Amino acid sequence: SFRHPQHVTELLGAPVKPQTAEPPKSAPAGPGLRGYTKVKDGLFAGRRPALDGFDALKGAGFRAVVYLHPAGADVAAVRDVASTRGLTFHAIEATPEALSDALTAFNRVAADRLNRPAFVFADDDVRAGAVWYLHLRTVDALGDDAARLRAKPLGLSEAGDEGRAFALAIQRVLETR
C-alpha cells in the first residue's frame, strides 16, 4: 500500500539538525575559566580550567579540550574531569624537545571540525604561546611579526630559561618545515 511521506517522518523521526563547528553562542562565564579568549573560529585558549570551568565549557557547547602539558605530566585526572562532562580530551606533550611532534598533533586536532569548538590550555603560558605561534605560522601562514603579535597574549615569551628553550625550539621547527 502507498504510504504518505508523513509516515516516513513518523518512522524515522524528524530530520537531525547537522552539527556545526560554530563557536559557542555565549562565552562561558565564571571564575573557573581564567584567561579565556577566542583565538580564531572554533578555537579558544586560556589557563587550565577549574571544575566549574569544565562545566561552563560544556554548557557553552564546547566539544573538546586540548591540554598542552609538560613531559611526564599525569593527565589522567584532567582526562577524567573532561570525559565525565562529555568533552573529548586531547593531551599533547609540548616541550622544547618535542615541539615539532606537538605542533603536528595540535594542527591535526585543530583542523578536525568534530573537535570544535575546542578550548586549549596549558599549565604555563610559555608552552601554550610557543604552540600557538607555530600554529599561526604553519596553518594560518602568518609572517613572524603577525604571528608574534597574536601569540604574545597567548603566552609567547623568550624570557627565562623556559622561554629561551622554546624560542630555540621554535627556530628549529621552522627551519625544518
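Please read these numbers as outputs of a predicted model, since none were measured by experiment.

Draft legend 1. Here's a closer look at the sheet that holds strand E2 (residues 43–47). In spatial order, the strands read E1-E2-E5-E3-E4; together these five strands make up an open sheet with mixed pairing. A strand with exactly one partner marks an edge of an open sheet, and here the two such strands are strand E1 (37–40) and strand E4 (88–93). Taking each pair of neighbouring strands and ignoring which way they run, the sheet shows an average axis angle of 25 degrees. Sheet strands touched by helix H3 (residues 76–84): strand E3 (64–69), E4 and strand E5 (118–122). Its angle to E4, the strand with the most contacts, is close to 155 degrees.

Draft legend 2. A look at the packing of aromatic side chains. Following the criterion strictly, the structure yields nine aromatic pairs and no others. With a centroid separation of 6.1 Å and an interplanar angle of 10 degrees, the aromatic rings of tyrosine 36 and phenylalanine 119 are classed as stacked. Of this pair, tyrosine 36 sits in the loop between helix H1 (5–12) and E1 while phenylalanine 119 sits in strand E5, placing them 83 residues apart in sequence. The class for phenylalanine 119 is buried, based on a relative accessible area of 0%. Taken together, the aromatic side chains of Tyr36, Phe44, Phe54, Phe62, Tyr67, Phe119 and Phe121 make up a single cluster linked through ring pairs. Seen from the ring of tyrosine 133, arginine 148 lies directly overhead, with NZ or CZ sitting 5.2 Å from the centre.

Draft legend 3. Structural context of the nonpolar core. Counting residues in hydrophobic clusters, the biggest one holds 34 residues, and the most contacted among them are Leu68, Ile92, Leu99, Phe106 and Trp132. When contributions to this core are tallied by element, the ones reaching two or more residues are E2, E3, helix H4 (99–111), E5, helix H5 (125–138), helix H6 (144–151) and helix H7 (160–175). The element that contributes the greatest number of residues to this core is H5, accounting for eight residues. When neighbours within four sequence positions are excluded, phenylalanine 106 is seen to be in contact with Val66, Leu68, Ile92, Val120, Val131, Trp132 and His135.

Cut-off values and rules
Residues numbered from 1 in each chain as written. Predicted model: local features only at pLDDT ≥ 70, side-chain atom pairs only at ≥ 80, totals over all residues. Heavy atoms only, no water. Pairing = 2+ DSSP bridges. Helix = DSSP H or I, 4+ residues; strand = E, 2+ residues; numbered from the N terminus. Axes fitted to C-alpha atoms, helices over the stretch in contact; angles between N-to-C directions. Contact = heavy atoms within 4.5 Å. Phe/Tyr/Trp six-rings, centres within 6.5 Å; stacked < 30°, edge-to-face > 60°. Buried < 20%, exposed > 50% of the residue type's maximum accessible area, 1.4 Å probe, protein only. Lys NZ or Arg CZ within 6 Å of the ring centre and 35° of its normal. Core = buried A, V, L, I, M, F, W, Y, C linked by side-chain atoms within 4.5 Å.

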